[in-house]
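Residue-level listing of the chains:
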Amino acid sequence: MSESKIIELAEGGVFPVWFLIGAALVFFMQGGFAMVETGLTRAKNAGNIIMKNLMDFCIGTVVFILLGFSLMMGEHNGFIGKPGLDIFKNFADYGFTSSFVFNLVFCATAATIVSGSMAERTKFSAYCIYSAIISLLVYPIEAGWVWNPDGWLAKMGFIDFAGSAAIHMVGGVTAFVGAAILGPRIGKYAIDKKSGKKVAKAIPGHSITLAALGCFILWFGWYGFNGAAATDKHQLALIFTNTTLAPGFATVVTMLFTWIKNGKPDVSMSLNGALAGLVAITAPCANVDPLGAIIIGVVAGVLVVLAVEVIDQKIKVDDPVGAVAVHGVNGIWGALAAGLFATDGGLFYGGGLHQLGVQALGVIAIAAWTAVTMTIVFLIIKKTNGLRVSAEEEIMGLDLPEHGLPSSYAGFLFSPEAIENSVVLDDGKSPSAPVEVEVVHKPRPSVDTGDVKFTKIDIIARPSKLEDLKVAMNGIGITGMTVTNVMGYGMQKGNQAHYRGVEIDVTFLPKVKLEVVVCKVPVRTVIDTAKKVLQTGSIGDGKIFVHDVENVVKVRTGEEGYDALQDVE
């Protein structure tokens, strides 16, 4: 719907109130994005995720009012609006001021989508830069094509009622370009020993509960996202119906599809399914009937699963939250679906190929504009400011090095996930796979067990050294080891941190504790081997503790002493 039509309708009755309530609902979706992204990533990055979702809206507000809004909704030549500051210079005669807030919250949505795909390894400074550019130039120009009444796509009759293409596809395309240039998280891909091919590894998020809460918040806000620009109560009722049917069917289909495919219904993928259905119905929400909305949702439910797997496993672009599949792929599907199912002009409703052609042209133009401009932006940032944090910062988690936040869950007894997803840079360049510590079974040595001394050795080390340490211990004949997540500090009390400007007295840092009990292998050999692996000369290399052990009992067999340390059946 054109801006002039919205302005005309907004001048009377209760429409201005609903218009701004809808804008407030869309703003609330920022909280939903923050929860989904936080839940689907690791706890050590939670503060960083929250900060990015806060700042993309706030930075977007600054740049959108200074330039972006006028480029989008100002005096337009079909391709770009005339820059101006009329909202400041001529406020009394500015007219429909609420249009700024309405368009701002949609602009912020396009920017925040990118956060999830580039999570856990992006410099915060880099994020602030490219988020500002999205809200300053990229989104306003292409959105003006669609929603400014003089925009070239608007004049062609391009259907994108609430932004499947103009918002979600733009965010999804940007997310794909950014994640591809940035590269995967350490440990996401590894060389399979059997096939010799690079394979994807799972890096689970830390809270499916937060992700689910975010999904419900987004669905709730989507009624404003799609419905705020409704022209009458009948159209609003249709939009609400379609905005319920499409994600509902999409989620059921995603659940069944993953259940059949993987043997279990996938929780996080089902959440993505709901969001995919919402994205797909956004463009045609006011132009299709309920049957069309159902079909659109069913396709979206299958499409999101296939897209996640292709992007993750085939193309090998690391997208922690599925933003590209949800917003990019289903944004394209939603825009094209309008050309298929629109009751006035859709291909399946007797309208021929014209509307579908217009939709395809709009998708290609918007996607090309976004891909080209954001590729240039990301490459410039990479060469100047830098796009990615160091490997050590990534393994540690971005909360501490980027924000001085020791933990986003202070006060909780929370074990860092450094172990299950920590990796080592094999050659300083290529990442290795996430590792699981396994007990190595070796034949029982020939030894006189009459007078055997048992010694327990505790090794405290950096999480990034775990794989090298495990291999080294196996190499000297250690037949079993126990690894636990621990937190602590030495005399230096970790890296100094501040909270609200106040110095934190003690900062606990994540470490791993490896415990072994030896009798045959010399204690000095274990110590020397560990030192060789761990020593870098920097603070935080770790410590080694040696204890005498009186006896060892194997619970399963009742064996004691030397025999209890052997795993021969």
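Keep in mind it's a predicted model, so treat the numbers as computed, not measured. (Residues numbered from 1 in each chain as written. Predicted model: local features only at pLDDT ≥ 70, side-chain atom pairs only at ≥ 80, totals over all residues. Heavy atoms only, no water.)

**Some points on the confidence of the model for the protein**
Across the protein, the average pLDDT comes to 87, with 85% of residues at or above 70. Of the regions scoring below 50 in pLDDT, residues 413–449 engages in 90 contacts with residues more than four places distant in sequence or in other chains. Counting interchain partners and residues more than four positions distant, the pLDDT-below-50 stretch residues 498–503 has 7 contacts. (pLDDT = per-residue confidence, 0-100. Contact = heavy atoms within 4.5 Å.)

**Observations concerning the packing of aromatic side chains**
Using the criterion set out here, one finds 17 aromatic pairs in the structure. Between Trp18 and Phe240 the ring centres are 6.3 Å apart and the planes differ by 50 degrees, which places this aromatic pair in the tilted class. Of this pair, Trp18 sits in helix α2 (residues 15–39) while Phe240 sits in helix α10 (residues 233–262), and the two are 222 residues apart along the sequence. Of the residues examined, Phe240 reaches a relative accessible area of 31% and is grouped as partly exposed. Taking the ring centre of Tyr127 as reference, the NZ or CZ of Lys52 above it sits at 5.2 Å. (Phe/Tyr/Trp six-rings, centres within 6.5 Å; stacked < 30°, edge-to-face > 60°. Helix = DSSP H or I, 4+ residues; strand = E, 2+ residues; numbered from the N terminus. Buried < 20%, exposed > 50% of the residue type's maximum accessible area, 1.4 Å probe, protein only. Lys NZ or Arg CZ within 6 Å of the ring centre and 35° of its normal.)

**A few points about a nonpolar patch on the surface**
Residues Leu291, Ile295, Val299, Phe348 and Tyr349 make up a contiguous nonpolar surface patch of roughly 430 Å² in combined accessible area. Here Val299 falls in the partly exposed class, since its relative accessible area comes to 31%. (Patch = residues over 30% accessible without salt bridge, like charges linked within 9 Å, V, L, I, M, F, W, Y side chains within 5 Å. Areas by Shrake-Rupley, 256 points an atom, 1.4 Å probe, with all protein chains shown as cover. Salt bridge = Lys/Arg side-chain N within 4 Å of Asp/Glu carboxyl O.)

**What about the pairing of strand β7 (residues 509–518)?**
Extensive coverage of β7 is indicated by the burial of 7 of its 10 residues. Pairing geometry for strand β3 (residues 454–461) and β7, over 7 bridges, is antiparallel. Across the sheet, Ile457 pairs through a bridge with Val516, a residue of β7. Pairing analysis gives 7 bridges linking strand β4 (residues 482–488) to β7, with the strands arranged antiparallel. In the strand pairing of β7, Val483 is matched with Leu514. (Pairing = 2+ DSSP bridges.)

**Structural notes on the side chain of Lys52**
Within the fold, Lys52 resides in helix α3 (residues 46–73). Not counting residues within four places of it along the chain, the set of residues in contact with Lys52 comprises Ser115, Met118, Ala119, Phe124 and Tyr127.

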